[in-house]
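Residue strings, one per chain:
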Amino acid sequence: MLVACFGLMLAATAEARTLRYATGFPPGSVAAQAAMDYAEALPDYSDDTLSMKVYALSLLDASETSDGVRDGIADVGYLLTVYFPSMYPHTNLVNESSMQLTQFDEAQLQGKGALAFNAAMAEFTFFNCPECLDEYAAQNQVYTGNAASSDYGLLGNL
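Described below are features of the structure shown in this document.

Rules behind the numbers
- Residues numbered from 1 in each chain as written.
- Predicted model: local features only at pLDDT ≥ 70, side-chain atom pairs only at ≥ 80, totals over all residues.
- Heavy atoms only, no water.
- Core = buried A, V, L, I, M, F, W, Y, C linked by side-chain atoms within 4.5 Å.
- Buried < 20%, exposed > 50% of the residue type's maximum accessible area, 1.4 Å probe, protein only.
- Contact = heavy atoms within 4.5 Å.
- Patch = residues over 30% accessible without salt bridge, like charges linked within 9 Å, V, L, I, M, F, W, Y side chains within 5 Å.
- Areas by Shrake-Rupley, 256 points an atom, 1.4 Å probe, with all protein chains shown as cover.
- Salt bridge = Lys/Arg side-chain N within 4 Å of Asp/Glu carboxyl O.
- Lys, Arg positive; Asp, Glu negative; His and termini not counted.
- Charge placed at Lys NZ, Arg CZ, Asp CG, Glu CD.
- Helix = DSSP H or I, 4+ residues; strand = E, 2+ residues; numbered from the N terminus.
- Disulfide = S-S within 2.5 Å.
- Phe/Tyr/Trp six-rings, centres within 6.5 Å; stacked < 30°, edge-to-face > 60°.
- Pairing = 2+ DSSP bridges.
- Right-handed = clockwise from strand over helix to strand, strands pointing away.
- Polar contact = N/O pair within 3.5 Å; in protein donor to acceptor, adjacent residues only side chain to side chain.

**Here we look at the nonpolar core**
Counting 13 residues, the largest nonpolar core has L19, Y21, L42, M52, V54, V76 and Y78 as the members making the most contacts within it. Sequence-distant contacts of L42, that is, excluding residues within four places in its chain, are made with L19, L50, S51 and M52. L79, F84, Y88 and Y136 belong to the second-largest nonpolar core, a separate cluster that totals 6 residues.

**Topic: a negative patch on the surface**
Together, D37, E40, D44, D47 and D48 line one region of the surface with negative charge. Tracing the backbone shows D47 in the loop between α1 (30-45) and β3 (50-56). Judged by its relative accessible area of 67%, D47 is exposed.

**Some words on the pattern of salt bridges**
Inspection of the entire model under this criterion finds 4 salt bridges. The closest approach of N and O atoms between D75 and R20, which form a salt bridge, is 3.6 Å. Placement of the pair is D75 in the loop between α2 (65-70) and β4 (76-79) and R20 in strand β2 (residues 17-23), with a sequence separation of 55 residues. Overall, the relative accessible area of 7% leaves D75 in the buried class.

**What about the state of the cysteines?**
The full count for this structure, using the stated rule, is 1 disulfide. Residue C129 pairs covalently with C132 via a disulfide, S to S 2.1 Å. Since a negative S-S torsion denotes a left-handed disulfide, the C129-C132 link at about 70° is right-handed. As far as burial versus exposure is concerned, C129 and C132 are alike and both buried.

**Structural notes on the packing of aromatic side chains**
In this description, a pair of aromatic rings is defined by centroid distance and the angle of the planes. Evaluated as defined, the whole model comprises 7 aromatic pairs. Arranged with centres 6.3 Å apart and planes meeting at 70°, the rings of F84 and Y88 form a pair that is edge-to-face. Of the residues examined, F84 reaches a relative accessible area of 9% and is grouped as buried. Accessibility expressed as a relative area gives 0% for Y88, which makes it buried. For the pair F126 and Y143, a centre-to-centre distance of 5.0 Å together with 65° between the ring planes defines the contact as edge-to-face. Remark: Y143 occurs in strand β5 (residues 142-147) and F126 occurs in helix α5 (residues 113-128); sequence separation between them is 17 residues. According to the relative accessible area criterion, F126 is partly exposed, its value standing at 36%. Among the aromatic residues, ring-to-ring pairing joins Y83, F84, Y88, F126, F127, Y136 and Y143 into one connected group.

**So, the pairing of β2**
For β2 and β3, the ladder comprises 7 bridges, and the chain directions are parallel. Bridge pairing in β3 links R20 to K53. A crossover connection joins β2 to the parallel β3 through α1; in handedness this β-α-β unit is right-handed. Where β2 meets β4, 2 bridges bridge the pair, whose relative direction is parallel. Within the sheet, the bridge partner assigned to A22 lies in β4 and is G77.

**Looking at the side chain of T65**
Assignment of secondary structure puts T65 in helix α2. Sequence-distant contacts of T65, defined by excluding residues within four places in its chain, comprise L60, G77, Y78 and L79.

**Digging into the side chain of N95**
On the secondary structure map, N95 appears in helix α3 (residues 89-96). For N95, a relative accessible area of 2% puts it in the buried group. At 3.2 Å, the side chain of N95 forms a polar contact with the side chain of T81.

Okay, here's the thing in structure tokens:
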């Protein structure tokens, strides 16, 4: 399960600020492109007070993101909490509930199960899991949303 986490502990300021976004995905990947699209839209959403430079698999990799955002190496990061079980135990417990999606008939979900879970996870974390929010705060981070993917398949040769 993926969790997007933003370490935006910003003080109010009148001048523009460029945020550093570390994503552990390589350039050209769907996740890196999504980060680029977000960076392009950020000035409009912030009345030109914020811009963003995306570091696709260069500033921090996935195993370094939590500490890197906590320590200020990056301002924003694509955080995979499953890599840090002792730092995000409540978050990971809730994330693991995504396995329940396998109990539904795929014809009923029509490939939208991960999207529904994503929204439910974000709502639960924001409004019903203070322990989850405390886990992020302990790492100098602010939870801003969730991302989920569809089931993975294993391909191989025999």
